[in-house]
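Each chain, written out:
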Amino acid sequence: MASPSTTSPPPDVLEKLVSLCKRRGFIFQSSEIYGGTGSVWDYGPLGVELKKNIKDRWWNALVRARDDIEGLDAAILMHPRVWEASGHVAGFTDPLVDCRNCKKRFRADDPKIKGTPGTPDGQCPACGMKGTLSQPRLFNLMFKTFMGPVEDSAAVVYLRPETAQGIYVNFLNVQQSTRQRVPFGIAQIGKAFRNEITPGNFIFRTREFEQMEMQFFVDPAPPDQQKTPYRTDMEWFEYWKEQRMQWHRDLGLSESRLMFHQHTPEELAHYARAAFDIQFDFGGTLGFQEIEGVHHRGDFDLGRHQEFSGKKLEYFDQPANRRYVPLVIETSVGADRTTLAVLVNGYREEQVEGEQEGRTVLGLHPGLAPIKVGVFPLVKKDGMPEFAEKLAADLRAKFPVFYDESGAIGRRYRRQDEVGTPFCVTVDGETIKDSTVTVRDRDTLKQERIAADRVGEWVARRI
Ligand code: GAP
């Protein structure tokens, strides 16, 4: 079989992905039958598997494979004072302008706005009217709701805009219940909500999304003889930067599409001592954008929660008889944005030698692919469907398997290529004689013949 020749990723890859994701059941517009909800998306049968595989890899790498990080699943609704302490009530704002004519809203720094908003030359980028844009005013990005039966200001609670605060307020609960010693971390995966003024680019910036966040607590003044491999806060910061970049490489994201962006003094949050973004090249007009932040948050968060709650959040180092508020190194990555990066990275259109039709492939890392194996009988007769169905059922005990007997074999391969299935198994006339099948590799298109009872082991080795 001739190997495929890859064309470079199309510039409109996001548009193509929106269509592929809907057609093949990865991602749908939320509440579509009602006209859709702005920038909220639902994950279909294949999308939920793909995102879950990404989240599982994160959880395994950070929580299960290490003895110095504990897991947590804190509630979305928290005491409103949490958001005063964290600075979100006062400072989690974007400047916004309204158009009096078309009623649309924009971020004040939207590059599509011509002239100065609030003056006669400010021009609305949607309706084109001049002088109709308001002065910028600050808009808080937190969603508000009410707790209990009374809808008044005393009952206001927020949907969390980040998961991190659930970790800070549980710092001592986790540390004391697990008897962890600093340095150690707490990790959690969960939903976060931001009333973004300009969401968009599919699942890149949405109003409801999932974060995978880890806060690592370190000693602000570690003794010289401390035996952990890394000692100071900055050594841990460097360690986490590298660990997290490697995790993205291990997802299969291309090296050339990944880079660090160091926050400039103007970009740094006022409490942050250092911050790097891990950026991925989404191509097209988006280009390189943040997928993860690695932040040195100092003792800001624990310090503020001590102040606002009146409860001490100090770690007691028993052997040294010292009490202190640890410093925090945070790693914060979006599950949806990583899913988009994986889709963009994997999408390709190819010509296959000797074939008229090109093929669309999602070159997903086999460990992330929602379906691991497609199983097909070559034709629907001579005992082939029965053999193939039995093989699919056996394999399903180990991996997600898709059985397909409809249409020409070439079309069935193409359908699996398009959803990223790394391996396809075909049952043919020879199978019935000698119990061997062909296994086909999605990327190389190479086929080999192996014993049917070895397929499970063959696939397991490759994922
Ligand atoms: N606790 C720190 C924090 O929340 P952030 O840089 O605001 O930091 C971290 O967010 C990550 O969360 C981002 O790198 C991105 O992957 C994801 N994220 C943030 N806002 C998002 C949105 N509106 N839609 C999708 N993902 C988002």
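Scroll up a little and you will see the structure.
Attention in this report is confined to the structure presented alongside it. All of these numbers come straight from a predicted model, not from anything done at the bench.

Parameters at a glance
Residues numbered from 1 in each chain as written. Predicted model: local features only at pLDDT ≥ 70, side-chain atom pairs only at ≥ 80, totals over all residues. Heavy atoms only, no water. Helix = DSSP H or I, 4+ residues; strand = E, 2+ residues; numbered from the N terminus. Buried < 20%, exposed > 50% of the residue type's maximum accessible area, 1.4 Å probe, protein only. Contact = heavy atoms within 4.5 Å. Arc of directions from axis to C-beta. Salt bridge = Lys/Arg side-chain N within 4 Å of Asp/Glu carboxyl O. Pairing = 2+ DSSP bridges. Axes fitted to C-alpha atoms, helices over the stretch in contact; angles between N-to-C directions. Near = heavy atom within 4 Å. Polar contact = N/O pair within 3.5 Å; in protein donor to acceptor, adjacent residues only side chain to side chain. Areas by Shrake-Rupley, 256 points an atom, 1.4 Å probe, with all protein chains shown as cover.

Along the polypeptide, L17 turns up in helix α1 (residues 13-23). Judged by relative accessible area, which is 0%, L17 ranks as buried. On a C-alpha basis, the gap between L17 and T206 in space is 16 Å, while along the polypeptide they are 189 residues apart.

Our focus in this paragraph is the side chain of T338. Mapped onto the fold, T338 is located in helix α9 (residues 335-346). In this structure T338 comes out as buried when scored by relative accessible area, which is 0%. In contact with T338, other than residues within four places in its own chain, are I54, W247, H248, L251 and V333.

This brings us to helix α6 (residues 171-178). Among all positions of α6, only F171, L172, V174 and Q175 are buried. End-on view of α6: buried residues confined to an arc of 165°, all on one side of the axis. Along α6, the residues that are exposed and aim more than 90 degrees away from the buried face are N173, Q176 and S177. Buried residues along α6 sit in contact with β4 (69-71), α5 (164-169), β10 (184-193), β11 (208-218), α8 (300-309) and β15 (315-317). Looking one or two places after α6, you find R179, whose phi comes out positive at around 55°.

To continue, consider unusual backbone geometry. Along the chain, V182 connects to P183 via a cis peptide bond; the corresponding omega equals 5°. Phi angles above zero are rare outside glycine, and R179 is one such case at about 55°. With respect to the helices and strands, R179 occurs in the loop between α6 and β10. Accessibility expressed as a relative area gives 72% for R179, which makes it exposed. Look at N201: it is not a glycine, yet its phi comes out positive at around 60°.

With that settled, consider the pattern of salt bridges. Summed over all chains, the structure comprises 39 salt bridges. Ionic pairing is found between D110 and K112, a salt bridge with its closest N-O pair at 3.4 Å. A residue is classified by how much of its surface remains accessible, and D110, at 9% relative accessible area, is buried. Between R449 and E430 there is a salt bridge whose closest N-O contact spans 3.6 Å. Of this pair, R449 sits in strand β24 (residues 447-451) while E430 sits in helix α12 (residues 429-434), placing them 19 residues apart in sequence. Taken together, the shared-partner salt bridges connect R348, E350, R359, R414, D417, R440, R442 and D443 into one network.

Attention now goes to the sheet that holds β24. Taken together, 5 strands build an open sheet; the order of strands is β21-β20-β22-β23-β24 and the sheet is mixed. If you trace the sheet from one side to the other, it starts and ends with β21 (401-403) and β24, each paired once. Each strand of the sheet is rotated relative to its neighbour by a mean of 25°, with strand direction disregarded. As paired elements, strand β20 (residues 373-377) and strand β22 (residues 423-427) share 5 bridges and run parallel to each other. When the sheet's bridge partners are listed, G374 is paired in β22 with C424. Most of the contacts of helix α10 (residues 384-396) go to β20, to which it runs at about 165°, and overall it touches β20, β21, β22 and β23 (436-441). Contacting β20, β21, β22, β23 and β24, helix α11 (residues 409-418) runs over the sheet at an angle of about 170° to β20.

Taken together, the 3 strands give an open sheet; going across it, the order is β6-β5-β7, and neighbouring strands pair in antiparallel fashion. Edge positions in the sheet fall to β6 (105-107) and β7 (137-140), since each has one partner strand and no second. Neighbour to neighbour, the strand axes of the sheet diverge by 50° on average, direction disregarded. Strand direction decides the pairing type here: strand β5 (residues 93-98) and β6, joined by 3 bridges, are antiparallel. If you follow V97 over to β6, its bridge partner there is F106.

Around the ligand, the structure places 19 residues, and the nearest of them are E162, E196, T206, E213 and E290. In the environment of the ligand, a nitrogen atom lies 2.5 Å from a nitrogen or oxygen atom belonging to the side chain of E213. Between E290 and the ligand, the recorded distance is 2.6 Å, taken from a side-chain N or O atom to an oxygen atom. For the ligand, the protein covers 90% of the area, taking 560 Å² as the surface of the free molecule. Those elements that provide at least two residues to the shell around the ligand are β11, β14 (288-298) and β17 (327-334). A total of 5 residues in the shell around the ligand trace back to one element, the largest contributor, which is β14.

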